[in-house]
Amino acid sequence: MARPYVILNAAMTLDGKIATVAGDSRISCEEDLDRIHELRASVDAVMVGVGTVLADDPSLTVRRVCGKNPIRVVVDSLAKTPSDAKVLDSSARTIVAVSKRAAEEDIERLRRKGALVMIGGEEEVNLPKLLEELHAMGVRKLLLEGGSTLNWSMLREGLVDEVRVAIAPRIVGGEAARTLVGGAGFRSVSEGIELELVSVDRVGTDLLLTYRVKGCGDA
Ligand SMILES: NC(=O)c1ccc[n+]([C@@H]2O[C@H](COP(=O)([O-])OP(=O)(O)OC[C@H]3O[C@@H](n4cnc5c(N)ncnc54)[C@H](OP(=O)(O)O)[C@@H]3O)[C@@H](O)[C@H]2O)c1
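Residues numbered from 1 in each chain as written. Predicted model: local features only at pLDDT ≥ 70, side-chain atom pairs only at ≥ 80, totals over all residues. Heavy atoms only, no water.

Asks: I keep staring at unusual backbone geometry and nothing clicks. Help me out?
Replies: Residues other than glycine predominantly adopt negative phi, and peptide bonds predominantly adopt the trans conformation. A cis amide bond links Gly146 with the next residue in sequence, Gly147, at an omega value of 0 degrees. Take Gly147: it is sitting in the loop between strand S6 (141-144) and helix H5 (148-156). The backbone phi angle of Asp57 is positive, close to 45 degrees, even though this residue is not glycine. Looking at where Asp57 falls in the secondary structure, it is placed in the loop between helix H2 (50-56) and strand S3 (71-75). When its relative accessible area of 27% is taken as the criterion, Asp57 is described as partly exposed. (Helix = DSSP H or I, 4+ residues; strand = E, 2+ residues; numbered from the N terminus. Buried < 20%, exposed > 50% of the residue type's maximum accessible area, 1.4 Å probe, protein only.)

Asks: I'm lost on the pattern of salt bridges in this one. Help?
Replies: Close approach of charged atoms allows side chains with opposite charge to pair. Throughout the structure, instances matching the rule amount to 17 salt bridges. Across the pair Lys80 and Asp106 runs a salt bridge, and its minimum N-O distance is 3.0 Å. Taken as a pair, Lys80 in the loop between S3 and strand S4 (94-98) and Asp106 in helix H3 (residues 104-112) lie far apart in primary sequence, 26 residues in all. For Lys80, a relative accessible area of 47% gives the class partly exposed. Given a relative accessible area of 11%, Asp106 falls into the buried group. The partner of Arg111 in a salt bridge is Glu108, with the nearest N and O atoms 3.4 Å apart. Of this pair, Arg111 and Glu108 both sit in helix H3, three residues apart, roughly one helical turn. With a relative accessible area of 32%, Glu108 lands in the partly exposed category. One continuous salt-bridge network, built from bridges that share partners, spans Glu30, Asp34 and Arg64. (Salt bridge = Lys/Arg side-chain N within 4 Å of Asp/Glu carboxyl O.)

Asks: What is the right way to look at H3 in this model?
Replies: Each full turn of the α-helix corresponds to 3.6 residues, which orients residues three or four apart in the same direction. When H3 is considered as a whole, its buried residues turn out to be Asp106, Ile107, Arg109 and Leu110. Taken around the axis of H3, the buried residues stretch over an arc of 160 degrees, which confines them to a single face. In H3, the exposed positions angled more than 90 degrees off the buried face are occupied by Glu105 and Arg112. Buried residues along H3 sit in contact with S4 and strand S5 (116-119). Two residues or fewer past H3, Gly114 is found with a positive phi of approximately 100 degrees. (Arc of directions from axis to C-beta. Contact = heavy atoms within 4.5 Å.)

Asks: Can you walk me through the environment of Gly16 in this structure?
Replies: Within the secondary structure, Gly16 is located in the loop between strand S1 (5-13) and helix H1 (30-41). Under the relative-accessibility criterion, Gly16 is labelled buried at 15%. Separated by 164 residues in sequence, Gly16 and Leu180 place their C-alpha atoms 6.1 Å apart. When residues no more than four places from it in sequence are discounted, the contact partners of Gly16 are Arg178, Thr179 and Leu180.

Asks: Would you mind going over the sheet that holds strand S9 (residues 206-213) with me for this structure?
Replies: Where strands meet in a sheet, backbone hydrogen bonds hold them as pairs that are either parallel or antiparallel. Taken together, the nine strands give an open sheet; going across it, the order is S5-S4-S3-S2-S6-S1-S7-S9-S8, and neighbouring strands pair in mixed fashion. The open sheet is flanked by S5 and strand S8 (195-203), the only strands paired with a single partner. Neighbouring strand axes in the sheet, compared pairwise and without regard to direction, differ in orientation by 20 degrees on average. Relative to S9, S8 runs antiparallel, the two sharing eight bridges. Its bridge partner lying in S9, Asp201 is registered against Leu208. (Pairing = 2+ DSSP bridges. Axes fitted to C-alpha atoms, helices over the stretch in contact; angles between N-to-C directions.)

This is the structure we're talking about:
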């Protein structure tokens, strides 16, 4: 199956949280925000789960550096992306990937907002099929920007090639606070996704770790 090369990027606290218990996810330092915008400008598409759209209302555009906006992709089984969400504004193309459970009226609402709605999967969005379709549309490099639940599904399905994590010098605690990867989790460490450390860099006050996902076939 041909699919885009996928980079998972996230900012987390030293204790592995990507948002606080109250949903505050402003973890990156200024220099790391610049890096994220540069990264966005270097990919064909950026993808998030609907949980991130509802929590953060990100615009997912390139603003802090010069560069083109990538296609925005929202993974949203039930087509619940709000009509006034920033990802639906006119600054870039937007794809909302829904499953067969999405109501026709919600699909139509998103289409009226200018989004391309792609339908695939019975319950949840079928991620391998979505990536295959994005590749067929010309998407060769995709930036996965979370959240926790979508990160899990993408990693579990073997759809991530690279992981870049900026660790901020903060500890926020909270059992309910979202971590880098959520989902059902593996029962044993040996089942876990194996990574190879590629580089360690300092970005402003943050520590940037870059990993290659082992065993992930060339995209
Ligand atoms: N610090 C960072 O770098 C960073 C980055 C991004 C997000 N965040 C934080 O992460 C949190 C959001 O994470 P989240 O886990 O709640 O939501 P999420 O991962 O953004 O979205 C998950 C949702 O996507 C939908 N979905 C559809 N098909 C799916 C599939 N095959 N696999 C997985 N999900 C699928 C599901 O909702 P439906 O079934 O309704 O479609 C699912 O609940 C927020 O607090 C946000 O601030 C932090």
